[in-house]
Every structure is written in C-alpha cells, then in structure tokens.
Amino acid sequence: MIDDSYADAVTRLDARLQPWLQSRRDGGLWRQVEPLYGYDGARASTGAGRPIRVMCGNDYLGLATDPRPAQAMIEYAGRCGVGTGAAHLVTGHRREHAELEEALAEFTGREAALLFSTGYMANLGVISALVRRGERVGEDRLNHASLIDALRLAGAKSLRYPHADASQLSSRCAKLDAPLAMVVTDGVFSMDGDVAPLNELAGLTERSGAVLVVDDAHGLGVLGENGRGSISASGCADRQVPVLVGTLGKAFGVFGAFVAGSKSLIETLMQAARTYIYTTALPPGVAAAAHQAVLIAQQESWRRERVIAMARRFRLGAEQLGLPVGGNRQITTPIQPIIVGSAQNALIWSSELEQAGFRVAAIRPPTVPEGTSRLRISFTAGHSEDDVDQLLEVLARIMQRHPVAD
C-alpha cells in the first residue's frame, strides 16, 4: 500500500509536469518509443507483426546484426561473464579494452585511443578536460547536443558560427580581444548529413593556434580511405585534427565510444575526464565485439560502397522528383533528410510512410531549428535498390497530398 505522504508528493510533482507535457502534445513535439521485432539492419516487424522497412537507423554498414561480432561477445560472456564491476582505473580495464584501444588508434592513424561508455560521455569528457572556464571556443550552430552541452558545462565563452561557414568564424575571430582556444565541430552532421568544412577549419586553427576537435560519429567507418572518416574524405591531414571523437554504435554497429589522439592527450583524459574516471567500464564482451566489427569494416569495403551507392541513388531520385531533400553537399553520406517544415507536417509524412511499410522517424524541434522539421532518411548496407525506389514512390505520393509550404 502507498502511504498518503508519498501519494501527496507524487500529486505535487505531476501537477508541475503535466502542463509542460500537454504543451508538447499540443505542439506536435510528443516523443515515444516504438519497439521493433526481428530487426536485421534494414527490415523488422511491428508489435502487430506487420513487416516494415527501417529507413532511419545508424547501422550504416549492417554490422549490428552480423554474426561475427555477436559471436565474439558470446564467447567472452561464456568465459568471463558480462560486466566489469568497476571503472577502468579501478579494476574494470580488461585485455579486450586494451586491444580495442590499440586497434582504434591504428585505424584512425593516432598514437593512442581511450574508450568511453557513450559518445555523449566522450564529448563531455574531452571538453571538460581540455577547456578552461572563460576560454573562447568556436562551435558550429548545428553541432550535436553533446558538444553544445559540454561547452556550457565547461563554462566556455562560445563563439557560435553559422552552419559550416568557416569564413564567418574567421571574421569573428579577427575581432576577438582574446585568442580562440578551440574549434569544435561534427564531422558529419547527424541531422543534415553534410560534412564540415574541415580543411578551412584546420587552416583557421593552425593560423590562430587553436585546437580542432572533430566528433566523427557519423563519418568513421563509412567515408574516406578505408573508412577512416570525414577527415580522410575531406583531404584534411590527420595531424591537423589533434582530437578525434568516434562512436562504436553507428557504422560499427555495437556500443560505446572513444577519443583518439596523441599519448599526451589520452593521458590527460585519463587524469581529468570525469566521464571516464567515474563510470563503470564498457562490458569487455562489447569491446571484443567492437574490435571484431572494426576489423570487418576495414576488410569489407563493399559495405561502404553499397551504402553510399544507395544514398546517391536516393538523392538523385529525390531531386528529379522535386522532393525537398536537404543539404548542399560535395560528399555523399548515408543521411539524406527530407525537409518538410512544420512539426505537424513531419508527423503526417512519417505516419503515412509507416502505413506504407517504411519506418522513418519525424525529427522536430528542439533537435532541429523551428521550421526545419524533417524525415531523417538514412541508408545501410542492408538496403536494396528496390527499397530506395519504392521509398521514392511513396514520398512522391505523400508530397502531392501534403505539399511543403514555401
């Protein structure tokens, strides 16, 4: 039985929360989880058993359901169990973590790498360890929320520049009364799918003496030579990006994140990154699976070639049909947004796609700016040309019924 004092406390809390929750519903901003069943990277079924094609995930190379990483996890769990029981610096670090860190350093062309439990924690850890309160840091207006939050928590003086506009950042830097300490950017922007102007940003940081930090969560494994990411794809030299943040949960299909750079950088993070020091280490079975996935991603180039081919086919078809596909880009990525304007319109398009057998989430504020709600369509190596063509046909029909306002 719940006592009266507890019931009263819950009532008071609910009274505070319900108006805000109702405002989310009224504004078309309500979010909810919808489980998938039997997901194989491209297809699944709903709770009602209806088959559906999933066109909005981040498993770009189709490794989340590949049996080889799964087998590595199973083998480790059978020998040693599932958890670490402590942070890395206590008793949580295992051989599997060390081997994965070595593989990631080699893959990214850096001296060393350090594992974090999530990409969000990696970005918080990097910024909190490297940025002093009051230092000026340049940041793209469309950076991932984890980078925005990290700079706020670090007490940085943020110099936000228009999306992907390095010239504007350069102009603003020229007017500063104190030097720029750092520039922070996504490599591939998660909602627009375009690539940051890394060459221009690298040149700016070299001239100003600032440090360039790139979160390449959506580029590593997919873009560039051997899948080494947006830095490679842009022709930017590794040495120009001394701090690289990557994830294991996108192209590599597993879980976790890492930071790669010089040995001094990694040693600094081990001493000062609170999100590394004060959290339980990634399960070693997950590290073993991720190691296997990184090796597969490097060896099987057809995965990268296929996902980019699907994205190019979609973009060409969308442009021919007059669909409002977002971004003006030189480098094709798996993320191809359809910008539909209002939050309500995004919900309508998403719902009609669902009815036609396609799962594409509606992305609305505050994830994207007001008036730019979208369908974030993304492709994987598991998609086919037929998937792309049928998706385009359905989108064209929806656009006729629910046009996007100019």
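Reading the values: rules and limits
- Residues numbered from 1 in each chain as written.
- Predicted model: local features only at pLDDT ≥ 70, side-chain atom pairs only at ≥ 80, totals over all residues.
- Heavy atoms only, no water.
- Helix = DSSP H or I, 4+ residues; strand = E, 2+ residues; numbered from the N terminus.
- Rg over C-alpha atoms; globule rule 2.2 N^0.38 Å.
- Buried < 20%, exposed > 50% of the residue type's maximum accessible area, 1.4 Å probe, protein only.
- Contact = heavy atoms within 4.5 Å.
- Pairing = 2+ DSSP bridges.
- Polar contact = N/O pair within 3.5 Å; in protein donor to acceptor, adjacent residues only side chain to side chain.
- 1 Å grid on protein atoms, 1.4 Å probe; cavity = no way out; pocket = protein on both sides within 12 Å on 5 of 7 lines; lining within 4 Å.
- Points joined across faces, edges and corners; volume = space filled by probe spheres on them.
- Nonpolar A, V, L, I, M, F, W, Y, C, P; charged D, E, K, R; others polar.
- Axes fitted to C-alpha atoms, helices over the stretch in contact; angles between N-to-C directions.
- Parallel < 35°, antiparallel > 145°, perpendicular 65-115°, else oblique.
- Left-handed = near helix turned anticlockwise from the far one by under 90°.

Any details on the overall build of the protein? Residues and values, ideally.
In terms of regular secondary structure, the protein is built from 15 helices and 13 strands. A compact globule built from 406 residues should have a C-alpha radius of gyration of about 22 Å, and the protein, at 22 Å, falls within 12% of that. In terms of principal-axis extent, the alpha carbons of the protein reach across some 60 × 55 × 55 Å. Here the protein, with 406 residues, has 52% of them falling under the buried criterion. Taking contacts inside the protein between residues at least 6 apart in sequence as the whole, the part at least 24 apart equals 69%.

Go over the sheet that holds strand E11 (residues 358–359), please, and point to the residues and values.
Strand order in the open sheet formed by 3 strands is E1-E2-E11, with mixed pairing between adjacent strands. With partners counted over all chains shown, the strands left at the sheet margins are strand E1 (43–45) and E11, one partner each. With 3 bridges joining them, E1 and strand E2 (residues 51–54) adopt antiparallel strand pairing. Its bridge partner being in E2, Arg43 is matched across the sheet by Arg53.

Give me the environment of Val213: which residues, what numbers.
Tracing the backbone through its elements, the reader meets Val213 in strand E7 (residues 211–215). Sequence separation between Val213 and Pro242 is 29 residues; the distance between their C-alpha atoms is 6.9 Å. Excluding residues within four positions of it along the chain, Val213 makes contact with Val126, Met182, Val183, Val184, Thr185 and Val243.

So what's going on with the side chain of Thr380? Which residues, and what values?
Relative to the elements of secondary structure, Thr380 occurs in the loop between strand E13 (373–378) and helix H15 (385–401). Accessibility expressed as a relative area gives 2% for Thr380, which makes it buried. Among the polar contacts made by the side chain of Thr380, one reaches the main-chain carbonyl oxygen of Gly41 at a distance of 3.4 Å.

Account for the pairing of E2, naming residues and giving values.
As consecutive antiparallel partners, E1 and E2 are separated by 5 residues, and within that stretch Gly49 has a phi angle of approximately 85°, a positive value. By the bridge criterion, 2 bridges tie E2 to E11 in an arrangement that is parallel. Residue pairing across strands places Arg53 opposite Phe358, the latter belonging to E11.

Can you lay out the layout of surface pockets for me, pointing to particular residues and giving the numbers?
Roughly 270 Å³ of volume is contained in the second largest pocket. Together, 13 residues line the second largest pocket, and Val195, Ala196, Pro197, Gln330 and Ile331 are the ones closest to its centre. The element contributing the most residues to the lining of the second largest pocket is helix H8 (residues 198–208), with 3 residues. Looking at the lining of the second largest pocket residue by residue, the class counts come to 6 nonpolar, 4 polar and 3 charged.

Residues and numbers for the packing of helix H2 (residues 67–80) against helix H12 (residues 284–299), please.
When two helices pack together, you describe them by how their axes are tilted relative to each other and by the distance separating the axes. Packing of H2 against H12 brings their axes to within 8 Å, and their N-to-C directions diverge by 155°. Of the possible angle classes, the one that applies to H2 and H12 is roughly antiparallel. Of the two possible hands of crossing, H2 and H12 adopt the one that is right-handed. Judged by residue contacts, Arg68, Pro69, Ala72, Met73 and Tyr76 of H2 engage Pro284, Gly285, Val286, Ala288, Ala289, Gln292, Ala293 and Ile296 from H12. A class-by-class count of the residues in the contact of H2 with H12 yields 10 nonpolar, 2 polar and 1 charged.

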